[in-house]
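Each chain, letter by letter, is given below.
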Amino acid sequence: MTVNDNGITSTSINGNAIEFQSICKRFGSTLANDKVSFAVKAGEVHAIVGENGAGKTTLMRILYGLHKPDSGTIYVRGKEARIESPKDAIALGIGMVQQHFALIKRFTVAENIILGQEGSKFYISREKGNKLIAELSRSFDLSVDPEARIEELSVGEQQRVELLKVLYRKADIIILDEPTAVLTPQEIESLYATIERMKASGKTIIFITHKLKEVFRVADTITVMRGGRSIATMSVAEVTPQELSELIIGKELRVRGEQRVEPKNTEALVVENLVVLGERGNEVLKGLNLVLKENELLGIAGVEGNGQTELVEALCGLRRAVNGRIMLFGHELTGTPPWLLRSKGIAHIPEDRLSSGMIDEFTVYENLILGYQTEFSRAGLLQKNEIMNETAKLMDEYDIRPRDLEVKMKNLSGGNQQKVVIARELRKNPKVLIANQPTRGLDVGAALFVHNKLLEAKSKGSVLLISSDLDEIMELSDRIAVIYEGRIVGEFDKKDKVEDIGSAMLGGKGEYA
Ligand SMILES: Nc1ncnc2c1ncn2[C@@H]1O[C@H](COP(=O)(O)OP(=O)(O)OP(=O)(O)O)[C@@H](O)[C@H]1O
Ligand SMILES: [Mg+2]
């Protein structure tokens, strides 16, 4: 048994850090957790996997004191625990990095880490705070500048701040809810290194992910959830990826439709010498050229921060081009406002569904018709029956759960929110679909479904796919363009080696990790 400087013993008599016993949680008609029972051993990396809406986040929010279970018991290090708020959880040495970070944007890294420290009654000097943070950064391989403001940081850096915050509070049971969904491949590697350090220092890690590759890379033990239940807990050595994916979706994964339409020679979307400025007035796109053919799926590969976001925003009319032009089937689109672009056949699956894809407080049906209100209006009146019929059809087709037309967007699980955005954008058979990280947060079955949908969209129009998942790009693209420092620096096809693409992503310098 080890005791950390918090006075918290990190192992219990039976070696379990956490034990869930028959946890139930209902939201209205949805049974989100249904008699969930399993144990997390102290010092292990325990992955929780399962379909979108299976109840993973709900269970973790219960453990962190953000939801109160209807019934059931949680044992922490062998002792029955009452966790009624995050404050209770923190006092028990439990920390959580949620998918949407709770940092104060205008404050510095150090202020975010030290402030809001529950129970801290004494003043810590800036110098001492910075020193403590620097020590934690070093021990856990989490490099960030303590003096930087959160608003200046990338998503990956913000996640490191959240982790530091948890470590600063001396948590030794750390919950990570889909931490890799927002990271680039390089950042994922560095998160793995941090997880290994945390494990080596005796911490217990609970890790939610949809990527099976990650489960086999970092986890010791896996729990599968389905329909609110914990259906199996096993050691990674006991299961193959194929078996695991069948356990997750409860059936064999359908294979991808292999009938692919060949690209035509017609140019659908042409971007010429595009120059766009970033937030700080610097040139982010520096004369970018690309051509998307009709019936083509063009993948844009690149390390995050090389102009992908600005390219997508310029194509969607959300960011002004200071030079160059954008053409759709020979007609100039440069400077066209977003709503008009939509009516010209450009659809957009945004990278961050929370900030630009939907309205949290609206229902599913309201979100599905956002931007298409006129189509459902007669004499100025919205036709609710038509909207409801269309919504029911889309919810069936995209398997959006729960099947409740009036559920508020904010009450859907992350993956189901993503399905709503995709359903809305694909409904109109766009001429050009700009899909930015379209399968982020989707379970294996739903990701495969969306991949098939992207191929279908390509057979009816064209698709520009921006993804940090190189496997996804390789699998779906007819052609791959690599973006680096605001320009397309190379073009590849499937037959090219992944290493060559990786090397181009780094500007032709060095190895791709
Ligand atoms: N606050 C809430 N109000 C109503 N329903 C909710 C609420 N939170 C979650 N739910 C419902 O509970 C179920 C489980 O959701 P949860 O977020 O736990 O799933 P998940 O396994 O994390 O899925 P994903 O992989 O998509 O993130 C879903 O049907 C969801 O719609
Ligand atoms: Mg979730």
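About the criteria used
Residues numbered from 1 in each chain as written. Chains lettered and ligands numbered in written order. Predicted model: local features only at pLDDT ≥ 70, side-chain atom pairs only at ≥ 80, totals over all residues. Near = placed C-beta within 6 Å. Helix = DSSP H or I, 4+ residues; strand = E, 2+ residues; numbered from the N terminus. Nonpolar A, V, L, I, M, F, W, Y, C, P; charged D, E, K, R; others polar. Domains from an automatic or database assignment. Contact = placed C-beta atoms within 7 Å. Core = buried A, V, L, I, M, F, W, Y, C linked by C-beta atoms within 7 Å. Buried ≥ 20, exposed ≤ 12 C-beta atoms within 10 Å, placed from the backbone. Axes fitted to C-alpha atoms, helices over the stretch in contact; angles between N-to-C directions. Parallel < 35°, antiparallel > 145°, perpendicular 65-115°, else oblique. Expected span 1.5 Å × (residues − 1). Pairing = 2+ DSSP bridges.

Draft legend 1. Just the site of ligand 1, in detail. Neighbouring ligand 1 are 20 residues, the closest being Phe 27, Asn 52, Thr 57, Ser 413 and Gly 415. Those elements that provide at least two residues to the shell around ligand 1 are β2 (30-41), α1 (56-63) and α14 (414-426). Of the residues assigned to the shell around ligand 1, the class counts are 5 nonpolar, 12 polar and 3 charged. Split by domain, the residues of the shell around ligand 1 number at least three in each of domain 1 (16-100 + 172-249) and domain 3 (360-427).

Draft legend 2. Focus on the domain arrangement of the protein chain. Segmenting the protein chain into domains produces domain 1 (16-100 + 172-249), domain 2 (265-345 + 430-513) and domain 3 (360-427). For domain 1 and domain 2, the distance between their C-alpha centroids amounts to 34 Å. Each partner contributes residues to the interface: domain 1 has 13 residues there, and domain 2 has 12 residues. When residues of the side of domain 1 that touches domain 2 are traced back to their parent elements, those giving at least two are α6 (185-200) and α8 (241-249). Its residues placed into classes, the side of domain 1 that touches domain 2 shows 5 nonpolar, 5 polar and 3 charged.

Draft legend 3. Focus on the environment of Asp 172. Its location among the elements puts Asp 172 in the loop between α5 (155-168) and β7 (173-177). Here the alpha-carbon distance between Asp 172 and Asp 145, two residues 27 residues apart in the chain, equals 24 Å.

Draft legend 4. Broad picture of the nonpolar core. Ranked by size, the top nonpolar core spans 131 residues in total, and within it Leu 63, Phe 207, Val 432, Ile 434, Leu 464, Leu 465 and Val 482 carry the most contacts. It is helix α15 (residues 444-460) that provides the largest number of residues to this core, a total of 6 residues. Excluding its chain neighbours within four sequence positions, the residues that come into contact with Leu 465 are Leu 297, Gly 299, Ile 300, Ala 435, Leu 454, Ile 473, Leu 476 and Ser 477.

Draft legend 5. Seen up close, the packing of helix α4 (residues 126-140) against α5. One way to put it is that α4 packs onto α5 with a least axis distance of 10 Å and a crossing angle of 105°. Relative to α5, the element α4 is oriented roughly perpendicular. For the pair α4 and α5, contact is made by Leu 132, Ile 133, Leu 136, Ser 137 and Phe 140 and by Leu 164, Leu 167 and Tyr 168, respectively. Residue composition of the contact of α4 with α5, grouped by class: 7 nonpolar, 1 polar and no charged.

Draft legend 6. Structural view of α4. For α4, which comprises 15 residues, the first-to-last C-alpha distance of 21 Å matches the rise-based estimate of 21 Å (1.5 Å per residue) to within 8%. Backbone geometry just downstream of α4 places Asp 141 in the positive-phi region, at approximately 60°.

Draft legend 7. Focus on the packing of α14 against α15. The interhelical angle for the contact between α14 and α15, taken along N-to-C directions, is 10°, at an axis separation of 12 Å. It follows that α14 is roughly parallel to α15 by the angle criterion. On the side of α14, the interface is formed by Gly 415, Lys 419, Ile 422 and Leu 426, while α15 contributes Ala 446, Val 450, Lys 453 and Ala 457. Across the contact of α14 with α15, the residue classes break down as 5 nonpolar, 1 polar and 2 charged.

Draft legend 8. Fine view of the sheet that holds β7. Taken in spatial order, the 6 strands make up an open sheet running β6-β7-β8-β3-β9-β10, and their pairing is mixed. The open sheet has two free edges, formed respectively by β6 (94-97) and β10 (229-235), since each of these has just one partner strand. Neighbour to neighbour, the strand axes of the sheet diverge by 20° on average, direction disregarded. Across 4 bridges, strand β3 (residues 45-50) lies against strand β8 (residues 204-208) in parallel orientation. Counted as the bridge partner of Ala 47 is Phe 207 from β8. Here α1 sits on the sheet and contacts β3, β6, β7, β8 and β9 (221-226); the angle it forms with β7, its principal contact strand, is near 150°.

Draft legend 9. Spatial organisation of the environment of Thr 204. With respect to the helices and strands, the residue Thr 204 is situated in strand β8. Along the chain, Thr 204 and Gln 418 lie 214 residues apart, while their C-alpha atoms are 30 Å from each other.

Draft legend 10. Region of the structure containing the sheet that holds strand β22 (residues 487-492). The strand order β16-β19-β20-β13-β21-β22 describes an open sheet built from 6 strands, whose pairing is mixed. Among the strands making up the open sheet, the edge pair consists of β16 (346-349) and β22. Sheet twist, expressed as the average angle between the axes of neighbouring strands with direction ignored, equals 20°. Across 5 bridges, strand β19 (residues 432-436) lies against strand β20 (residues 462-466) in parallel orientation. Paired with Ala 435 across the strands is Leu 465, a residue of β20. Against the sheet, helix α9 (residues 308-315) touches β13 (297-301), β19, β20 and β21 (479-484), its axis set at about 150° to β19. Each of β13, β21 and β22 is contacted by helix α17 (residues 498-505), which is oriented at about 30° to β21, the strand it contacts most.

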